[in-house]
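# Chains, contacts and geometry: an overview
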Amino acid sequence: MEFIKEEREDTSDPEEYKTKEAEPQTAKKRKTSPVWEYFDQISFNKVLGYNNNTSSMIRHYRALHENKEGSGCGHSQAARKQELDEALVTMIVKDTQPFSIVEDVGFRDFVQKLDPSYVLPTRRAVKAMVEAKYAESKEKAKAEVKKVSAVSLTSDMWTSINTDACLAVACHYVDSNTCLNSVLLGVLTFPQAHTAEDLAQVKASLMEEWGITHSVTCLVTDGAADMIACGRELRLRHTVCIAHTLNLIVKKALEQTSALADILAKARKLVGFFRSSTTAKEKLAQLQQQMGRPTLKLVQEAETRWNSTFEMLRRLVELREPVGAALASLATEIPPLSSDEFSSVSACLALLSGFNDATVELSEEKRVSGSKVLPLLKMLDENLQEEMTDVASPVARQMGEHLKRQLREKLNTLQSMSIMSLSTMLDPRFKAMGFLSPTKASEAIKRLTSECAAIVPTPSASRGAGLVTPGNKLWRHLDDRVMESRRRHSVTADAAVEVQRYLAEPNIGRSEDPLQYWERQKLIYPHLYRLAVKYLCTPASSVPCERVFSKAGEVVSKKRTRLSPKTLEKLMFLNKNV
């Protein structure tokens with residue numbers, strides 16, 4: 001017998017819906033959906049159709065009755081549902097889950113066990129919730145960014161699993177509480193050619209949309225020619241990501257060390273054998289267990305990242321004994337590294353370890369990092385010279401000389417860049433000590449004084465009124481020039497005093513937060529505080545944007561290849577900013 005539903009006029013609690021049956025029927029097991037608390041099956045007065053699911057009843061109840069429940073219990077249930085809906089959206093955004101998770105049988109069963117009264121929203125409803133959350137969050141972020149006086153941008157390109165080119169732009173700034181913040185401005189598909197003009201046009205549109213066209217201090221990107229030209233097109237200060245700079249320094253040094261090329265070729269072949277052969281892999285694991293070692297795998301080198309070469313060699317040295325024993329017991333012609341080769345690799349690793357640590361430290365996002373570039377490169381230079389005094393391996397010594405030359409060239413260039421020199425000078429952990437060259441440090445102090453003088457208020461004309469003879473027009477032009485000269489001298493003197501007082505203070509500890517220092521000292525050095533907010537927001541690298549694309553790779557997976565570019569942007573914005 002066909003069953004249909006009747007819903008009475010909503011004059012009382014939904015519990016008052018009554019069951020009516022026109023004729024006897026075989027008793028059936030009661031359904032378990034929470035919606036049956038408000039509906040019963042009848043066989044006349046058809047209002048809602050029933051086809052073995054409760055979707056129509058849920059939609060009807062939500063549309064006409066859910067918000068009308070006036071009791072405290074009803075209000076509490078509605079608040080609870082909203083809370084769970086928001087938690088669901090947050091989970092989908094943070095864990096990069098597909099919208100279809102709400103249709104997965106296992107997930108639905110799990111939610112039912114946790115809270116039987118909670119009705120999961122549909123896939124479309126979840127998408128609508130994400131869009132609403134995106135609109136709300138973006139407006140809040142825009143309002144926050146428009147309040148700040150200076151921002152820096154990072155940018156990077158990425159190609160998705162669908163071969164769609166995407167451009168990400170992130171914004172970094174110091175807020176009103178003198179805390180460092182970042183916000184993802186957008187992840188935009190880029191069907192055009194990647195010319196500097198096209199990149200500049202897209203970035204200019206984003207800057208205008210967010211109201212930061214005139215407040216961008218610096219643009220940080222990789223060293224690609226189109227990215228550098230884009231900075232010129234936008235007429236922005238531009239600096240190359242320090243992680244990419246260090247990558248180029250080390251890769252060039254490795255390429256120029258011919259004696260190391262053969263060792264690297266043997267190491268790659270050795271690692272490739274153990275990673276491609278199941279027998280070799282199991283043998284290596286077995287031998288490590290027999291030696292009482294933790295079971296580790298060899299690391300495969302990624303051609304574009306020098307630190308993957310570092311990790312490959314370091315792991316190979318660490319597993320020298322079990323690798324040698326495994327090769328001896330396997331039928332293979334792959335030769336192990338000799339004792340001299342292992343000695344050379346160990347010596348090279350000692351010289352490269354500082355570069356690996358610097359790459360990791362300068363890729364930080366939550367702390368001030370741009371001002372660390374010059375001091376850290378200076379420390380690399382000094383440590384490299386110190387390490388080389390004890391190096392016996394000719395291979396390592398040759399590589400060290402190449403590293404030192406490449407590092408010095410790059411350091412000399414960076415010390416001359418205003419964005420780097422000013423941020424280092426304004427960091428109370430470093431100041432002039434962060435410079436390798438005393439001459440460059442003196443130039444940075446002059447530049448800082450000039451920048452400070454530019455924002456010191458000009459004295460009023462009344463202060464020089466005594467220099468002018470009333471009614472005497474003959475000397476008017478000379479008097480005006482004298483007054484202007486005195487104003488400029490006064491402004492420059494005030495700026496010089498503020499800068500010298502700041503520099504005379506002892507440096508704070510390296511582990512302290514420079515922004516907390518400026519929060520405490522902003523009334524003592526008001527003009528330098530404004531400059532610190534302007535320059536300390538610049539990150540050392542474009543890694544923040546690269547991390548966005550690492551997450552985007554999880555979002556645009558094989559399970560979500562039909563995700564539209566607009567939806568991708570919304571998901572990435574929420575994942576990064578919420």
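Residues numbered from 1 in each chain as written. Predicted model: local features only at pLDDT ≥ 70, side-chain atom pairs only at ≥ 80, totals over all residues. Heavy atoms only, no water.

Here the focus is the pattern of salt bridges. Counting across every chain of the model gives 19 salt bridges. As a salt-bridge pair, R429 and D427 come within 2.6 Å of each other at their nearest N and O atoms. Classification of D427 as buried rests on a relative accessible area of 0%. Residues E519 and K522 are paired through a salt bridge, measuring 3.3 Å at the closest nitrogen-oxygen approach. (Salt bridge = Lys/Arg side-chain N within 4 Å of Asp/Glu carboxyl O. Buried < 20%, exposed > 50% of the residue type's maximum accessible area, 1.4 Å probe, protein only.)

Below, the discussion takes up the pairing of strand β3 (residues 151-159). On a regular strand, one side chain projects to one face of the sheet and the next to the other, so that they alternate. With seven of nine residues buried, β3 is to be regarded as a mostly interior element. Looking at chain direction, β3 and strand β4 (residues 165-174) are connected through nine bridges and run antiparallel. Within the sheet, the bridge partner assigned to T154 lies in β4 and is A170. Note: β3 against strand β6 (residues 216-221), four bridges, orientation parallel. Within β6, the residue paired with V151 across the bridge is V216. (Helix = DSSP H or I, 4+ residues; strand = E, 2+ residues; numbered from the N terminus. Pairing = 2+ DSSP bridges.)

By secondary structure assignment, the location of L88 is in helix α2 (residues 72-94). Judged by relative accessible area, which is 7%, L88 ranks as buried. Taking C-alpha positions, L88 is 9.3 Å from V102, a pair spaced 14 residues apart along the chain. The contacts of L88, once residues within four sequence positions are left out, are V102, F107, Y118, L120, P121 and V126. (Contact = heavy atoms within 4.5 Å.)

With mixed pairing, the five strands of this open sheet are ordered in space as β5-β4-β3-β6-β7. Of all the strands in the sheet, just β5 (180-189) and β7 (238-240) have a single pairing partner and so form its edges. Taking each pair of neighbouring strands and ignoring which way they run, the sheet shows an average axis angle of 25°. Here helix α5 (residues 196-210) sits on the sheet and contacts β3, β4, β5 and β6; the angle it forms with β5, its principal contact strand, is near 130°. (Axes fitted to C-alpha atoms, helices over the stretch in contact; angles between N-to-C directions.)

A few words on the nonpolar core. Residues L246, F274, F355, L377, L403, W518 and L528 are the most contacted members of the largest nonpolar core, which totals 93 residues. Looking at this core element by element, the count peaks at nine residues for helix α12 (residues 339-361). In this structure, L403 is in contact with I249, V250, A253, L352, F355 and L384, ignoring residues within four places of it in sequence. Of all hydrophobic cores here, the second largest spans 54 residues; its members include L84, L219, C230 and L236. (Core = buried A, V, L, I, M, F, W, Y, C linked by side-chain atoms within 4.5 Å.)

So, about helix α16 (residues 438-455). Spanning 18 residues, α16 covers 26 Å between terminal C-alpha atoms, matching the ideal 26 Å at 1.5 Å per step. By the burial criterion, the buried members of α16 are A441, A444, L448, T449, E451, C452 and A453. (Expected span 1.5 Å × (residues − 1).)

Our next topic: unusual backbone geometry. One non-glycine residue, T178, lies in positive phi territory at about 60°. Tracing the backbone shows T178 in the loop between β4 and β5. On the basis of relative accessible area, T178 is assigned to the buried category, the value being 4%. Despite not being glycine, R235 has its phi angle at roughly 60°, a positive value.

Here α12 crosses helix α13 (residues 373-388) at 165°, and the two axes come no closer than 9 Å. If you check the angle between α12 and α13, you find them roughly antiparallel. The hand of the α12/α13 crossing is right-handed. Contact residues: A350, L351, G354, F355 and A358 in α12; L376, L380, L384, E387 and M388 in α13. Residue composition of the contact of α12 with α13, grouped by class: eight nonpolar, one polar and one charged. (Parallel < 35°, antiparallel > 145°, perpendicular 65-115°, else oblique. Left-handed = near helix turned anticlockwise from the far one by under 90°. Nonpolar A, V, L, I, M, F, W, Y, C, P; charged D, E, K, R; others polar.)

Below, the discussion takes up the pairing of β6. Extensive coverage of β6 is indicated by the burial of six of its six residues. Note that β6 and β7 share three bridges and pair parallel. Across the sheet, residue T221 finds its bridge partner in β7, namely V240. A crossover connection joins β6 to the parallel β7 through helix α6 (residues 225-234); in handedness this β-α-β unit is right-handed. (Right-handed = clockwise from strand over helix to strand, strands pointing away.)

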